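# Residue-level structure breakdown
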Amino acid sequence: MSHLKKLLFAFALLIGSASFTAPTAAAQGSNVIAIDEVKILRESKAGKDMATKLNNIETQMNNELTPERTTLQNEGKTLDGKLQGKSREQVNADAALVSELNAYQAKANAFAAKAQKASQEFSLTERVALATFNKALEPVLLQVIQEKNAQLVVSKSSVIYSADSIDATALVIQKLDAATPTLAVTRQKIPDQPANPQ
């Protein structure tokens, strides 16, 4: 699931850049909490819901492309059979075959553009879903920070060692599950670009 890895990376960047620190955080007696943002994303109800919905959207998008992909593969095999044993000159001399090849190439180019657009739409869908997740997480994280009276929040992935006693991940997950067990994940669409006039 490469999209989950991208989501985890983007989530880690968000948490890393939004770490809450106070000027006295480095001073002795500061209250520090650690969170495992990957665990929050993977184990919270909202994170699981988001992953399931993204997988469903990805499957739907692939299913929409499959019939055309299969048709192109079959046409390609048929054309390969017609090209078998012919030289370039023989192919160029066969106007009907050249016409078939050109039509096939046009279809393949159109399909490639459609597949690329679907990939871009899915990436956009992932980014919007992650932003929705982070928006739901933010007030929960602030609540945990206040409850723990924390002056510093560190990412467990960014430290060499952290004691379990400062790990607030389970509390964040518990509160996030209570506040936001599901997320709205909607397939994003990119408008078609008008054809370039030649």
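Residues numbered from 1 in each chain as written. Predicted model: local features only at pLDDT ≥ 70, side-chain atom pairs only at ≥ 80, totals over all residues. Heavy atoms only, no water.

## Some points on the overall build of the chain
- Secondary structure assignment for the chain yields six helices and two strands.
- For the chain, the N- to C-terminal ordering of α and β elements is α-β-α-α-α-α-β-α.
- Taken across its 198 residues, the chain has 31% of its residues classed as buried.
- Across the chain, contacts joining residues at least 24 apart in sequence account for 87% of those joining residues at least 6 apart.
- As displayed, the chain has an accessible area near 12300 Å², and 54% of this comes from carbon and sulfur atoms. (Helix = DSSP H or I, 4+ residues; strand = E, 2+ residues; numbered from the N terminus. Buried < 20%, exposed > 50% of the residue type's maximum accessible area, 1.4 Å probe, protein only. Contact = heavy atoms within 4.5 Å. Areas by Shrake-Rupley, 256 points an atom, 1.4 Å probe, with all protein chains shown as cover.)

## Digging into helix 5 (residues 95-148)
- Compared with an ideal rise of 1.5 Å per residue, which puts 54 residues at 80 Å, helix 5 spans 78 Å between its outermost C-alpha atoms and is within 8% of the ideal.
- Helix geometry: helix 5 is bent most strongly at Leu-137, by close to 30 degrees, with proline Pro-139 lying one to four residues after it.
- With its phi angle positive at about 50 degrees, Asn-149 sits one or two positions after the end of helix 5. (Expected span 1.5 Å × (residues − 1). Bend = angle between axes of the 7 residues up to and from the residue.)

## What about unusual backbone geometry?
- Positive phi outside glycine occurs at Asn-149, with the angle close to 50 degrees.
- Take Asn-149: it is sitting in the loop between helix 5 and strand 2 (152-155).
- The class of Asn-149 is exposed, set by a relative accessible area of 53%.

## What to know about helix 6 (residues 169-179)
- All of the buried residues in helix 6 are Thr-169, Val-172, Ile-173, Lys-175, Leu-176 and Asp-177.
- Buried positions along helix 6 lie against strand 1 (32-35), helix 2 (37-43), helix 3 (45-83) and helix 5.

## Things to note about the pattern of salt bridges
- Counted by the stated rule, this structure contains eleven salt bridges.
- Residues Lys-156 and Asp-167 are paired through a salt bridge, measuring 2.9 Å at the closest nitrogen-oxygen approach. Pair noted here: Lys-156 is in the loop between strand 2 and helix 6 and Asp-167 is in the loop between strand 2 and helix 6, with a separation of eleven residues, a long-range link.
- In this structure Lys-156 comes out as partly exposed when scored by relative accessible area, which is 25%.
- Classification of Asp-167 by relative accessible area gives partly exposed; the value is 26%.
- Residues participating in the shared-partner salt-bridge network are Glu-64, Lys-117, Glu-121, Arg-187 and Asp-192. (Salt bridge = Lys/Arg side-chain N within 4 Å of Asp/Glu carboxyl O.)

## Here's the deal with the packing of helix 5 against helix 6
- Remark: helix 5 packs on helix 6, axes separated minimally by 9 Å, with the N-to-C direction vectors making an angle of 130 degrees. As the angle between them shows, helix 5 and helix 6 are arranged oblique. Where helix 5 crosses over helix 6, the two elements pack in a sense that is right-handed. Taking contact as the criterion, the partners of Phe-133, Ala-136, Leu-137, Val-140, Leu-141, Gln-143, Val-144, Glu-147 and Lys-148 in helix 5 are, on helix 6, Leu-171, Val-172, Lys-175, Leu-176 and Ala-179. (Axes fitted to C-alpha atoms, helices over the stretch in contact; angles between N-to-C directions. Parallel < 35°, antiparallel > 145°, perpendicular 65-115°, else oblique. Left-handed = near helix turned anticlockwise from the far one by under 90°.)

## Re the packing of helix 3 against helix 5
- Look at helix 3 against helix 5: their axes get within 10 Å of each other, and the N-to-C directions meet at 175 degrees. On the basis of the axis angle, helix 3 is roughly antiparallel to helix 5.
- Its residues assigned to classes, the contact of helix 3 with helix 5 shows 20 nonpolar, three polar and ten charged. (Nonpolar A, V, L, I, M, F, W, Y, C, P; charged D, E, K, R; others polar.)

The quantities given are spatial measurements derived from coordinates; they are silent on function.
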